[in-house]
Amino acid sequence: MVLRSYDVCIVGAGPSGLSTAIASSKLGVETAVFEEHREVGASSAECGGLVSVRCLELLKLRVDGDYVANRVYKAVIHSPGGKSLTTSLGPRGALILDRRSFEETLASRALHAGVDLYTGVRVKRIRMGRDRVELDVDGGTYRCRAVVDAGGALSRFTLENLGFNLRLKRLIPAAQAEVEVDYEDDSSVHVFLGRKVAPGFFGWLIPLGSGKARVGAACENGDPRMFLKRLLDRVGASKVYDEATRFIVTGGPLPRTFGHRFLSVGDAAGQSKPTTGGGIFTGTLCGLLAGLTLAKATKTGSYSTHTLSMYEKSWRNLLGREFRVQLFYRRIFRRLRDEALNSIVSTLSDRRVGGLRDFDFHSKTLNRLVLDVGLSCIKPSILRSLLKSLIPGLLGL
């Protein structure tokens, strides 16, 4: 039974899906969003929620809204050997979101723009036709002229419709908990490096203020819950709330994010930063671009592959180079041994290098560090380790 028809249906009510819906609906596209959880923001405990000021400005949201839990201005990087490096996050710092409140705010904006939001509705199957798309749910079918997959890192719809393998996303498991912890400075995030802390990735502490923080770890090998427990002991967490696990996308965007009557956005498309796995800014930016493309398609009545390819051209023009450079450095970092990490942190600390130039575009800082610090100050044994790590990065392994 056909329940209703729309111009565009979106699977997933996270930031990327809701930003797509807001942009398309404001431009006259009849839009519906389907969220499998009964409430928007139900999976918020899985996210670190660290974003730039630019991210909220992009969405035309206040930077002092109730959805902002804290603001940080520094990052403290802890080497495996115990040495630390404190670096600036820039004059405007970074914002820590109350993810549930943030997504509820976006949902409210979407409803105000005329979007139909269905919660507690799981899309079981998407059937692509020549002149329409059908979404099967419990109790019936919804029809639309185009569909957007914003269902997250594990969504199968992008893989099925575009013919890609999940391994391209290079998913790694992560675990995070909200905790009570005794620390003096709630204006600094902490990053913990080392094979015994988080092999192939890193651990983190993100202060929420009032003695609370989000503590997490992700790893290429092992159980992230075990590494999280070790990290909780290390930071002296007294009470633990809302422990959750998820997968982080580190492989960069999929080779293609569009098809006939089909777009993919956010983690479903692999549009997360390879360096950190963060995807709120990139996902919302790509969502807004998807909404603009769908509005043009609706106006012309053409949802062909050629028409929808404009979405990919637009986001790759803005983010393509950044993803490539971050992925290059990610491939190097994941192979570094603790000895090399100790040497790098020590060298950067001694040289008193500048802070993060751009919270969203890490390549600016990474390229500058390589040029400014150079390799001459690194021990020969560490240099050999770095060069061994560089080769897979060049080869794209």
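Residues numbered from 1 in each chain as written. Predicted model: local features only at pLDDT ≥ 70, side-chain atom pairs only at ≥ 80, totals over all residues. Heavy atoms only, no water.

1. Considering the sheet that holds strand S16 (residues 239-249)
The test is simple: Criterion used throughout: strands pair if DSSP finds at least two bridges between them. Helical segments are the DSSP runs of H or I of at least four residues, strand segments are the runs of E of at least two, and each set is numbered from the N terminus. The angle between two axes is taken between their N-to-C directions and runs from 0 to 180 degrees, where each axis is a line fitted to C-alpha atoms and a helix contributes only its stretch in contact. In what follows, residue pairs with any heavy atoms lying within 4.5 Å of each other are defined as contacts.
With mixed pairing, seven strands are arranged side by side in an open sheet as S6-S5-S13-S14-S15-S12-S16. Single-partner strands in this sheet number two, and they are strand S6 (84-88) and S16. For this sheet the average axis-to-axis angle between neighbouring strands, irrespective of direction, equals 20°. Note that strand S12 (residues 171-180) and strand S15 (residues 212-218) share seven bridges and pair antiparallel. Of the residues in S15, the one forming a bridge with glutamate 180 is lysine 212. Sheet contacts for helix H5 (residues 224-235): strand S5 (74-78), S12, strand S13 (188-192), strand S14 (203-209), S15 and S16; angle to S15, the most-contacted strand, approximately 140°.

2. Let's talk about the pattern of salt bridges
We count it as follows: Should a side-chain nitrogen of Lys or Arg be within 4 Å of a carboxyl oxygen of Asp or Glu, the pair is scored as a salt bridge. Using a 1.4 Å probe on the protein chains alone, a residue whose accessible area is under 20% of its type maximum counts as buried, one over 50% counts as exposed, and one in between counts as partly exposed.
Counting across every chain of the model gives 24 salt bridges. Across the pair arginine 145 and aspartate 7 runs a salt bridge whose closest N-O atoms are separated by 3.4 Å. With arginine 145 in strand S11 (residues 140-149) and aspartate 7 in strand S1 (residues 2-11), this residue pair connects regions lying 138 residues apart in the sequence. When its relative accessible area of 13% is taken as the criterion, aspartate 7 is described as buried. When the shortest N-O distance is used, the salt bridge between glutamate 160 and arginine 156 registers 3.2 Å. Its relative accessible area of 52% is what places glutamate 160 among the exposed residues.

3. Comments concerning the packing of helix H6 (residues 280-300) against helix H7 (residues 305-333)
Worth spelling out the cut-off: An angle below 35 degrees is treated as roughly parallel, one above 145 as roughly antiparallel, one from 65 to 115 as roughly perpendicular, and anything else as oblique. Crossing handedness is defined as follows: a turn of the near helix away from the far one that is anticlockwise and smaller than a right angle gives a left-handed crossing, while the clockwise case is right-handed.
Put simply, H6 and H7 touch, their axes get as near as 8 Å, and they point 155° apart. On the basis of their axis angle, the class for H6 and H7 is roughly antiparallel. In terms of crossing hand, the pair formed by H6 and H7 is right-handed. Taken together, the residues of H7 that come into contact with H6 (itself represented by Phe281, Thr282, Leu285, Cys286, Leu289, Ala290, Thr293, Leu294 and Ala297) are Thr307, Leu308, Met310, Tyr311, Ser314, Trp315, Leu318, Leu319 and Phe323.

4. What to know about empty space enclosed by the protein
Under the convention used in this document: With a 1 Å grid laid over protein atoms only, a set of points is called a cavity when a 1.4 Å probe fits there but cannot get out and a pocket when it is open yet has protein on both sides within 12 Å along at least five of seven lines; lining residues have an atom within 4 Å of a point. Grid points are joined across faces, edges and corners, and a volume is the space filled by probe spheres set on the points. In this classification, the charged set is Asp, Glu, Lys and Arg, the nonpolar set is Ala, Val, Leu, Ile, Met, Phe, Trp, Tyr, Cys and Pro, and all remaining amino acids, among them Gly, are polar.
The final tally for this structure, using the stated rule, is two cavities of 30 Å³ or more. Approximately 60 Å³ is the volume attributed to the largest cavity. For the lining of the largest cavity, the per-class residue count stands at six nonpolar, two polar and three charged. Approximately 30 Å³ is the volume found for the second largest cavity. Lys273, Thr282, Leu319, Glu322, Phe323, Gln326 and Asp360 are the residues that line the second largest cavity. Take the lining of the second largest cavity: its biggest share by element is four residues, from H7.

5. A short note on unusual backbone geometry
At serine 210, a position not held by glycine, the phi torsion is positive, near 55°. Topologically, serine 210 is positioned in the loop between S14 and S15. Taking the relative accessible area as the measure of exposure, serine 210 reaches 78% and is therefore exposed. Of note in this structure, aspartate 242 is not a glycine but carries a positive phi near 50°. Summarising the element assignment, aspartate 242 is placed in strand S16. A relative accessible area of 51% means that aspartate 242 is categorised as exposed.

6. Digging into the packing of helix H1 (residues 15-26) against helix H3 (residues 99-112)
If you want to describe how two helices pack, look at the angle between their axes and the distance between the axes. The interhelical angle for the contact between H1 and H3, taken along N-to-C directions, is 20°, at an axis separation of 9 Å. Relative to H3, the element H1 lies roughly parallel. In this structure, H1 crosses over H3, and the sense of that crossing is left-handed. Each of Pro15, Leu18 and Ile22 in H1 lies in contact with H3, whose residues at this interface are Arg99, Phe102, Glu103, Leu106, Ala107, Arg109 and Ala110. Of the residues in the contact of H1 with H3, the class split is seven nonpolar, no polar and three charged.

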